[in-house]
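What the coordinates show
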Amino acid sequence: MSDNIQSVSEELDINEIIAIRHKKLNELKEQGKDPFEIVKYVKTHDTIDIFEKYQELEGKTVSLAGRIVSKRVMGKASFVHILDHKSKIQCYVRVNELGEDEYSEFKKLDIGDIIGVTGEVFTTKKGEISIKLKEYILLSKSLLPLPEKFHGLRDLDLRYRQRYVDLIANPEVKETFVKRSKIITAIRTFLEKKGFLEVETPILNIIPGGANARPFITHHNTLDIDMYLRIAPELYLKRLIVGGFEKVYELGRLFRNEGMSVKHNPEFTSIELYQAYADYNDMMDITEELFKYCAKEIVGSTKINYQGVELDFESKWQRIPMIELVKEHIGIDFSVEDLDTIRKKAKDIGVELDEDTTWGKALYQIFDEKIEEKLVQPIFVIDYPVEVSPLAKRKKSDPRLTERFEFFIASREMGNAFSELNDPIDQRARFEQQARERAKGDEEAQMTDEDFVTALEYGMPPTGGLGIGIDRMVMLFTDNHNIRDVLLFPTMKPKK
């Protein structure tokens with residue numbers, strides 16, 4: 001009797017196992033039974049149907065298909081488990097049902113082979129719902145063995161590089177990506193109800209605008225120009241507001257040639273939405289509503305558990321200026337203290353400010369390094385410095401600040417929003433300042449987009465804009481700490 005990881009795997013090295021499987025395939029071809037020539041298999045049910053409708057299906061004949069993930073041979077009878085996209089189910093195989101020749105061929109099947117089975121639904125003496133096999137067909141031959149101990153595979157590098165193996169070995173991983181799809185559907189449904197129109201804008205950009213980030217560069221052969229993978233769709237979406245659309249959004253991939261961590265992947269999914277005649281307060285309202293809606297749709301409650309901490313989306317989210325948070329947590333009052341005093345106090349708490357730093361950059365750096373980690377429950381941090389907000393409208397009460405917020409959940413920045421700058425003269429001046437920063441070596445500073453300034457010169461209504469990182473949102477609703485766990489195929493350095 002062999003166990004679910006066949007004993008031959010323990011005795012032979014990988015090359016021998018592969019050679020044996022190729023030999024089996026060649027023998028099948030010689031017999032005119034090449035599994036790769038089969039183009040279709042008709043199923044009557046999935047595994048989950050058998051479990052959910054057992055009372056109705058008991059004693060009836062069904063056909064289903066899946067991958068063999070366990071096999072136990074006992075002379076004249078065998079047990080296998082097959083795994084489909086929903087679950088796995090046991091098949092009971094007897095020589096009396098198949099006949100000597102077919103049963104002999106059945107015993108040659110390997111873990112990983114994909115088969116179609118037809119049989120009667122019944123329950124074993126041990127109470128396990130199973131299929132009593134009447135016939136089977138090999139639909140695809142597995143030429144590579146699944147990793148030893150693949151039941152519960154924990155090798156993260158292998159799981160990320162070969163997600164297809166991970167999905168076989170850890171079927172629960174599928175649930176993360178099923179939820180991801182449901183979250184995206186819920187977002188689209190929510191925005192459609194709000195009257196937003198989904199649009200598509202270019203991924204290849206002549207100017208990498210809309211965010212402060214380092215772009216990926218490619219080359220357009222026909223036009224013979226360098227182009228950039230987009231870092232944000234913002235400037236195109238705001239052109240649409242100029243053109244007369246009042247509520248638009250785009251959900252898609254962005255690319256930023258920056259660091260990688262448990263929170264960052266260079267290729268990620270984002271949603272940006274823009275609403276004419278609205279401001280950043282309206283964007284805060286939409287954000288709160290959206291997260292409450294998705295929590296109810298995905299989790300069934302506005303309170304979720306993330307990494308052992310209960311997060312409450314139902315209670316009114318705090319809206320606190322960045323200056324107040326820095327004063328509360330660090331004791332530096334940016335509203336009254338001069339830059340020299342701020343610089344000294346920053347050094348005392350371990351924040352090294354550049355010699356040529358500005359008031360606004362100092363405020364942002366101290367917040368970024370010392371405050372973000374303290375923000376666990378959902379919170380809007382509002383009124384960002386103008387130096388780090390080149391596309392946001394200034395605050396009337398303090399022109400050093402902008403009507404911008406970022407919102408944080410579980411100590412992570414989840415999204416960014418503005419009362420959008422629609423003054424073309426101010427916008428050009430800020431682009432020029434960004435150009436000076438770029439000339440000093442800041443590769444994340446934005447380039448001047450003359451066409452966007454031209455669009456603003458035609459007139460853009462007051463507008464609120466919001467961007468949310470979908471991957472981090474999925475991390476929240478699936479209780480995953482690492483961004484790679486919510487990406488089917490995360491970016492990995494190739495093995496040599």
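Notes on the structure in this doc start here. Given the structure is predicted, the values throughout are model-derived calculations rather than measurements.

Take the layout of surface pockets next. The space that makes up the second largest pocket amounts to roughly 320 Å³. Along its surface, the second largest pocket is lined by 14 residues, and L28, K33, E105, Y136 and L138 are the ones closest to its centre. Those elements that place two or more of their residues in the lining of the second largest pocket are α2 (14-30), α6 (100-107) and β5 (129-140). Here the lining of the second largest pocket is built from residues that sort into six nonpolar, no polar and eight charged.

With that settled, the discussion passes to a nonpolar patch on the surface. A grouping of Y164, L488 and F489 is seen on the molecular surface, where their side chains present a nonpolar patch of about 350 Å² in accessible area. By the secondary structure assignment, L488 is in the segment after α17 (470-478).

Take D49: it is sitting in helix α3 (residues 47-52). Among buried Asp, Glu, Lys and Arg side chains, D49 stands out as unpaired, with K53 the closest opposite charge at 4.5 Å. The residues contacting D49, other than those within four sequence positions of it, are Y54 and L57.

What follows deals with empty space enclosed by the protein. According to the stated counting rule, one finds three cavities of 30 Å³ or more in the structure shown. For the largest cavity, the calculated volume is near 40 Å³. Around the largest cavity, the lining residues are N205, I207, G209, A232, P233, E234, L235, Y236, R239 and D449. Considering every element that reaches the lining of the largest cavity, the biggest residue donor is helix α10 (residues 234-242), with four residues. In terms of residue class, the lining of the largest cavity is made up of five nonpolar, two polar and three charged.

Across the sheet, three strands lie side by side as β7-β9-β8; this open sheet has antiparallel pairing. Edge strands, defined here as strands with exactly one partner in the open sheet, are β7 (204-205) and β8 (217-220). Direction of pairing for β8 relative to strand β9 (residues 225-229): antiparallel, over a ladder of four bridges. Bridging across to β9, T218 finds its partner in M227.

Contact geometry of helix α11 (residues 280-298) with α17 gives a least axis separation of 11 Å together with a crossing angle of 45 degrees. Considering the angle they form, α11 stands oblique to α17. Along this stretch, α11 crosses α17, giving a crossing that reads as right-handed. Residues L290, F291, C294, A295 and I298 of α11 form the contact with α17, whose own contacting residues are M473, L476 and F477. Split into classes, the residues belonging to the contact of α11 with α17 amount to eight nonpolar, no polar and no charged.

Here the focus is the sheet that holds strand β16 (residues 404-409). Here eight strands make up an open sheet; going across it, the order is β6-β10-β11-β18-β17-β16-β15-β14 and the pairing mixed. Each having just a single partner strand, β6 (197-198) and β14 (318-321) make up the two edges of the open sheet. Direction of pairing for β6 relative to strand β10 (residues 247-255): parallel, over a ladder of two bridges. Among the inter-strand pairings, E198 is bridged to a residue of β10, identified as Y249. Contacting β10, β11 (267-276), β17 (412-419) and β18 (463-469), α10 crosses the sheet at an angle of about 20 degrees to β11.

The subject of this paragraph is the packing of aromatic side chains. For the structure shown, the criterion picks out 20 aromatic pairs. A centroid spacing of 6.1 Å and a plane angle of 40 degrees characterise the contact between F313 and W317, whose relative ring orientation is tilted. The residues F313 and W317 share a single accessibility class, namely buried. When the ring of F431 is compared with that of F452, the centres are 6.5 Å apart and the planes differ by 70 degrees; the resulting orientation is edge-to-face. Placement of F431 in helix α15 (residues 424-439) and of F452 in helix α16 (residues 450-458) is noted, with a sequence separation of 21 residues between them. An identical accessibility class is assigned to F431 and F452; each is buried. An aromatic cluster of three or more residues is present, and its members are Y280, F291, F313, W317, F380, F405, F407 and F477.

In this section: the pairing of β5. Relative to β5, strand β3 (residues 88-94) runs parallel, the two being bridged by three bridges. The residue bridging Y92 from the neighbouring strand is K132, located in β5. As paired strands, strand β4 (residues 114-123) and β5 are joined by 10 bridges and run antiparallel to one another. For T123, the partnering residue across the bridge sits in β5 and is I129.

Here we come to the pattern of salt bridges. Using the criterion set out here, one finds 36 salt bridges in the structure. Residue D157 is joined to K495 by a salt bridge in which the shortest nitrogen-to-oxygen separation is 3.6 Å. Of the two residues, D157 is situated in helix α7 (residues 156-161) and K495 in the segment after α17; the sequence distance between them amounts to 338 residues. On the accessibility criterion, D157 (30% relative accessible area) is partly exposed.

Cut-offs and rules
Residues numbered from 1 in each chain as written. Predicted model: local features only at pLDDT ≥ 70, side-chain atom pairs only at ≥ 80, totals over all residues. Heavy atoms only, no water. 1 Å grid on protein atoms, 1.4 Å probe; cavity = no way out; pocket = protein on both sides within 12 Å on 5 of 7 lines; lining within 4 Å. Points joined across faces, edges and corners; volume = space filled by probe spheres on them. Helix = DSSP H or I, 4+ residues; strand = E, 2+ residues; numbered from the N terminus. Nonpolar A, V, L, I, M, F, W, Y, C, P; charged D, E, K, R; others polar. Patch = residues over 30% accessible without salt bridge, like charges linked within 9 Å, V, L, I, M, F, W, Y side chains within 5 Å. Areas by Shrake-Rupley, 256 points an atom, 1.4 Å probe, with all protein chains shown as cover. Salt bridge = Lys/Arg side-chain N within 4 Å of Asp/Glu carboxyl O. Buried < 20%, exposed > 50% of the residue type's maximum accessible area, 1.4 Å probe, protein only. Lys, Arg positive; Asp, Glu negative; His and termini not counted. Contact = heavy atoms within 4.5 Å. Pairing = 2+ DSSP bridges. Axes fitted to C-alpha atoms, helices over the stretch in contact; angles between N-to-C directions. Parallel < 35°, antiparallel > 145°, perpendicular 65-115°, else oblique. Left-handed = near helix turned anticlockwise from the far one by under 90°. Phe/Tyr/Trp six-rings, centres within 6.5 Å; stacked < 30°, edge-to-face > 60°.

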